[in-house]
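Commentary on secondary and tertiary structure
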Amino acid sequence: MRNKRRKQGMKKVVSIMMVMMLTLALLAGCGKEEATDNASDNATTDTTTAAEDTATEDTATDEATDDEPLYIPIVSKGFQHQFWQAVKKGAEQAAVDYGVTITFEGPETEAMVDKQIEMVEAALSKNPDALCLAALDSKAVIPLIERATEEGIPVIGFDSGVDSELIAATAATDNYAASMYAADKMAELIGEEGKIGMVVHDQTSKTGVDRRDGFKDRIEDKYPNIEIVDIQYGDGDQLKSTEVAKAMFTAHPDLNGFFGSNEGSIVGVLNAIREVGLEGKIVAVGYDSGKAQMDAVREGVIAGSISQDPIGIGYKAVEAAVKAVNGEELEENIDTGFVWYDASNIDSEDVFPVLYE
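Residues numbered from 1 in each chain as written. Predicted model: local features only at pLDDT ≥ 70, side-chain atom pairs only at ≥ 80, totals over all residues. Heavy atoms only, no water.

1. Regarding helix α3 (residues 113-125)
When the terminal C-alpha atoms of α3 are compared, their 19 Å separation across 13 residues agrees well with the 18 Å that a helix rising 1.5 Å per residue should span. For α3, the complete set of buried residues consists of V113, Q116, I117, M119, V120, A123 and L124. Buried positions in α3, seen along its axis, are confined to an arc of 160° and lie on one side of it. In α3, those exposed residues whose orientation departs by more than 90 degrees from the buried face are D114 and S125. Close packing links the buried residues of α3 with β1 (71-75), β2 (101-105), β3 (131-133) and α4 (142-150). (Helix = DSSP H or I, 4+ residues; strand = E, 2+ residues; numbered from the N terminus. Expected span 1.5 Å × (residues − 1). Buried < 20%, exposed > 50% of the residue type's maximum accessible area, 1.4 Å probe, protein only. Arc of directions from axis to C-beta. Contact = heavy atoms within 4.5 Å.)

2. Structural notes on empty space enclosed by the protein
Inspection of the entire model under this criterion finds one cavity of 30 Å³ or more. The calculated volume of the largest cavity comes to roughly 90 Å³. Among the secondary structure elements, those contributing two or more residues to the lining of the largest cavity are α2 (82-98) and α6 (206-222). Class assignment of the residues belonging to the lining of the largest cavity gives a composition of two nonpolar, five polar and six charged. (1 Å grid on protein atoms, 1.4 Å probe; cavity = no way out; pocket = protein on both sides within 12 Å on 5 of 7 lines; lining within 4 Å. Points joined across faces, edges and corners; volume = space filled by probe spheres on them. Nonpolar A, V, L, I, M, F, W, Y, C, P; charged D, E, K, R; others polar.)

3. Examining the sheet that holds β3
The strand order across the open sheet formed by six strands is β2-β1-β3-β4-β5-β11, and the pairing between neighbours is parallel. With partners counted over all chains shown, the strands left at the sheet margins are β2 and β11 (333-335), one partner each. Strand-to-strand twist of the sheet, defined as the mean angle between neighbouring strand axes without regard to direction, takes the value 20°. Across three bridges, the pairing between strand β5 (residues 169-172) and β11 is parallel. Paired with A171 across the strands is I334, a residue of β11. The strands touched by α2 are β1, β2 and β4 (155-158); relative to β2, the strand with the most contacts, the crossing angle is about 175°. (Pairing = 2+ DSSP bridges. Axes fitted to C-alpha atoms, helices over the stretch in contact; angles between N-to-C directions.)

4. A short note on the packing of helix α5 (residues 175-189) against α6
At a minimum axis distance of 7 Å, the contact between α5 and α6 shows a crossing angle of 40°. What the angle tells us is that α5 and α6 run oblique. α5 and α6 meet at a crossing whose hand is right-handed. For the pair α5 and α6, contact is made by N175, Y176, S179, M180, A182, A183, D184 and M186 and by T207, D210, R211, D213, G214, F215, D217, R218, I219 and K222, respectively. When its residues are assigned to classes, the contact of α5 with α6 shows seven nonpolar, four polar and seven charged. (Parallel < 35°, antiparallel > 145°, perpendicular 65-115°, else oblique. Left-handed = near helix turned anticlockwise from the far one by under 90°.)

5. Quick notes on the layout of surface pockets
Put simply, the largest pocket is a space of about 410 Å³. Taken together, 22 residues line the largest pocket, and the ones lying closest to its centre are G161, T170, K206, E332 and N333. Where the lining of the largest pocket is concerned, the elements lending two or more residues are β5, α5, α6 and β11. Its residues assigned to classes, the lining of the largest pocket comprises seven nonpolar, eight polar and seven charged.

6. A short note on the environment of A122
In this fold, A122 is placed in helix α3. Separated by 49 residues in the primary sequence, A122 and P73 place their C-alpha atoms 9.9 Å from one another.

7. Let's talk about the packing of aromatic side chains
Aromatic ring pairs: the centre-centre distance and the angle between the two ring planes describe each pair. One pass over the full model with this rule turns up nine aromatic pairs. Ring centres of W84 and F158 lie 6.4 Å apart, and the angle between their planes is 80°; on these two criteria the pair is classed as edge-to-face. Linking W84 in helix α2 with F158 in strand β4, this pair joins segments that are 74 residues apart in sequence. Since its relative accessible area comes to 3%, W84 is described here as buried. Here the aromatic cluster, defined as three or more aromatic residues joined through ring pairs, consists of F83, W84, F158 and Y356. Its guanidinium or amino end placed over the ring of Y287, R211 lies 3.9 Å from that ring's centre, counting from NZ or CZ. (Phe/Tyr/Trp six-rings, centres within 6.5 Å; stacked < 30°, edge-to-face > 60°. Lys NZ or Arg CZ within 6 Å of the ring centre and 35° of its normal.)

Shown next, in the form of structure tokens:
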């Protein structure tokens, strides 16, 4: 009897357990469906959010691209003279004022035309917004100017122009007119008669040609009793210009005056004057400034010099590049002016600010 009841009790327990297991299985199935549905909903939401995030990132990227500052590389004729450092200073100020990015470089000497060509090629390969260039050889760079034009990159000349109508503008001193003024001063200082030697920095750049011809043409056209006995080229290098000037002193011991067409040229002449002991016996007229030249002017060893405004040149070049990129109208020739300085006015308020040491 007990065994029969026990068996019946066992059957009842088993039945109850089976019912409970079926119930749990059904509940688990429903929970799984709900979880799947929730997961799908969450996946849809996550996908939408991801798409929105991607769109936001794209928009941010576009905005970052739009806000990226203009890039304007500046390739100078050199880097060693204080003149170019002053030009760089002006360019850097313009970069700050206009919110653009610039680089500034130049070859070690102003005789390195090939090196400058390589620098221009490298600058163009970076796809800049504009290019500022002071060409060592105004003809050699023309193919690169043409390439820049084809690629939609405006080119601004500074200090020295380029023989091409493709240049958007040139920021420079009127070197021909400034050298004519230097010739007038030389003629005045030597009493409008005598013999003159010239040391010019080169015969390939526009500055070299204009300064040489401005001085030479003025003397020949206006002062018949003054003879230019020789014109030599020192590549703007002080040591080479010193040797050239000394050789000219040897060939023409009766020289009355000497013209040096840039900082390196006139400092070379200055060194030669001192080496041969002719301080106070020959009239030297220079171009640009720099500490050595300025000290010699104060001492009276150099009678006086023409100074450009190098800071203004650098500033105006960058300013013109920005305007060219923005499609604004530009003057073809941006005259940055010049001054004559000698011992009487070198420290004046009008002159000293445009000089550089």
